[in-house]
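Each chain, letter by letter, is given below.
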Amino acid sequence: MSRLTHLLLLALWVAAASMLFAGTPSRAQTGQAVQNIGIIDVQRILQQSLAYKSIRPQMTALKKDFEQKFRTAEGELRSTNKDLQRERTILSPDAFAQRQRDFRKRVDTVQRDMQAVNRLLDRALSNSVGEIQVVAREITATLAKELKLDLILSNTAITFAAPRLDLTQQVLERLNKRLPSVKVVLPPPPKTADDGKK
């Protein structure tokens, strides 16, 4: 998993956690003092959850499988290019030009396929992390009701908070129990114009 992808997903996670109770009027909004507050370390919950850890080996396996396929395709392209260069003195200019065009089309196709696979892998990762986010939000909301909390904040927005306000471990333990793993599912590739012609 690239560091950029990880940071983007982490940013989404933090944003989701910060908006957890956005739809519910707080006591501050209704003129009442906010008395009961909880804090969660979103990054720790994500990185240390069993579900998130279960995603990594699955993504690695998927990437390895596709990388092997594309290495094979790249090897075939290199072989085809060598054959094309050898045939340059044999083929007529028109025939050679046509072979070159065909080769370039094949190269473009492989490059597009690689880009499409990378997008699918990113979507698979995002969807899997999304499953964790949904469950974590539900757990956090349930915990807030049980503890009669008025507000739960992400620690990224807090300069200092008393340790007793930290609910991270409780959320993490419940998350690990409820969702010990997530199955990474590769989404179907998007339909292209060519699909409708078949």
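Residues numbered from 1 in each chain as written. Predicted model: local features only at pLDDT ≥ 70, side-chain atom pairs only at ≥ 80, totals over all residues. Heavy atoms only, no water.

*Asks:* Describe in detail the overall build of the protein, supporting the description with residues and values.
*Replies:* Each helix and strand in the protein was counted, giving five helices and two strands. The secondary structure elements of the protein, listed N-terminal to C-terminal, are α-β-α-α-α-β-α. When each of the 198 residues of the protein is scored for burial, the buried share is 30%. Counting contacts in the protein only where the partners sit at least 6 residues apart, residues at least 24 apart contribute 88% of the total. Counting every atom, the protein has about 13,100 Å² of accessible surface; 54% of that belongs to carbon and sulfur. (Helix = DSSP H or I, 4+ residues; strand = E, 2+ residues; numbered from the N terminus. Buried < 20%, exposed > 50% of the residue type's maximum accessible area, 1.4 Å probe, protein only. Contact = heavy atoms within 4.5 Å. Areas by Shrake-Rupley, 256 points an atom, 1.4 Å probe, with all protein chains shown as cover.)

*Asks:* Could you give an account of helix α4 (residues 93-146), with specific residues and numbers?
*Replies:* The end-to-end C-alpha distance of α4 is 80 Å, a good match for the 80 Å that 54 residues give at a rise of 1.5 Å each. Downstream of α4 by one or two residues, K148 has phi in the positive range, about 55°. (Expected span 1.5 Å × (residues − 1).)

*Asks:* Break down the nonpolar core for me, citing the residues and quoting the values.
*Replies:* Formed by 34 residues in total, the largest nonpolar core has its most connected members in I40, I55, I132, L175 and L179. Elements represented by at least two residues in this core include exactly α2 (42-48), α3 (50-86), α4 and α5 (168-178). Ranked by residue count, the leading element in this core is α4, at 13 residues. Residue contacts for I55: discarding those within four places in its chain leaves L125, S128, V129, I132, V182 and V184. (Core = buried A, V, L, I, M, F, W, Y, C linked by side-chain atoms within 4.5 Å.)

*Asks:* Help me get a handle on the packing of α3 against α4, residues and values and all.
*Replies:* Where α3 meets α4, the closest approach of the two axes is 11 Å, and the angle between their N-to-C directions is 180°. If you check the angle between α3 and α4, you find them roughly antiparallel. When its residues are assigned to classes, the contact of α3 with α4 shows 20 nonpolar, four polar and six charged. (Axes fitted to C-alpha atoms, helices over the stretch in contact; angles between N-to-C directions. Parallel < 35°, antiparallel > 145°, perpendicular 65-115°, else oblique. Nonpolar A, V, L, I, M, F, W, Y, C, P; charged D, E, K, R; others polar.)

*Asks:* Can you lay out α3 for me, pointing to particular residues and giving the numbers?
*Replies:* With 37 residues, α3 extends 55 Å between its outermost C-alpha atoms, agreeing within 8% with the 54 Å of an ideal straight helix rising 1.5 Å per residue. Three or more residues of α3 are buried, namely A51, Y52, S54, I55, M59, F66, F70, A73, L77 and L84.

*Asks:* Run through the pattern of salt bridges, naming residues and quoting values.
*Replies:* Enumeration according to the criterion identifies five salt bridges in this entry. The partner of E146 in a salt bridge is R174, with the nearest N and O atoms 2.7 Å apart. With a gap of 28 residues between them, E146 in helix α4 and R174 in helix α5 connect regions that are remote in the sequence. Assessed through its relative accessible area of 45%, E146 is described here as partly exposed. (Salt bridge = Lys/Arg side-chain N within 4 Å of Asp/Glu carboxyl O.)

*Asks:* How would you summarise the packing of α4 against α5 if you had to cite specific residues and measurements?
*Replies:* Direction vectors running N to C along α4 and α5 enclose 125°, while the axes themselves pass 10 Å from each other. Considering their axes alone, α4 and α5 lie oblique with respect to each other. In this structure, α4 crosses over α5, and the sense of that crossing is right-handed. Here I132, V135, A136, E138, I139, T140, T142, L143 and E146 of α4 lie close against α5, whose contacting residues are Q170, V171, R174, L175 and R178. Taken together, the residues of the contact of α4 with α5 break down into seven nonpolar, three polar and four charged. (Left-handed = near helix turned anticlockwise from the far one by under 90°.)

*Asks:* Which residues make up the confidence of the model for the protein, and what values go with them?
*Replies:* On average, residues of the protein carry a pLDDT of 83, and 78% of them reach 70 or more. Mean pLDDT across the elements of the protein bottoms out in helix α1 (residues 3-18) (49) and peaks in α5 (96). Low pLDDT, under 50, characterises residues 16-30; the predicted model gives this stretch 19 contacts beyond four residues in sequence or across chains. (pLDDT = per-residue confidence, 0-100.)

*Asks:* Please give an account of the environment of T142 that cites residues and values.
*Replies:* Here T142 lies in helix α4. Classification of T142 as partly exposed rests on a relative accessible area of 38%. Each C-alpha atom, one on T142 and one on V171, is 9.8 Å from the other, the two residues being 29 residues apart in sequence. In this structure the side chain of T142 is engaged in a polar contact, spanning 2.9 Å, whose partner is the backbone oxygen of E138. (Polar contact = N/O pair within 3.5 Å; in protein donor to acceptor, adjacent residues only side chain to side chain.)

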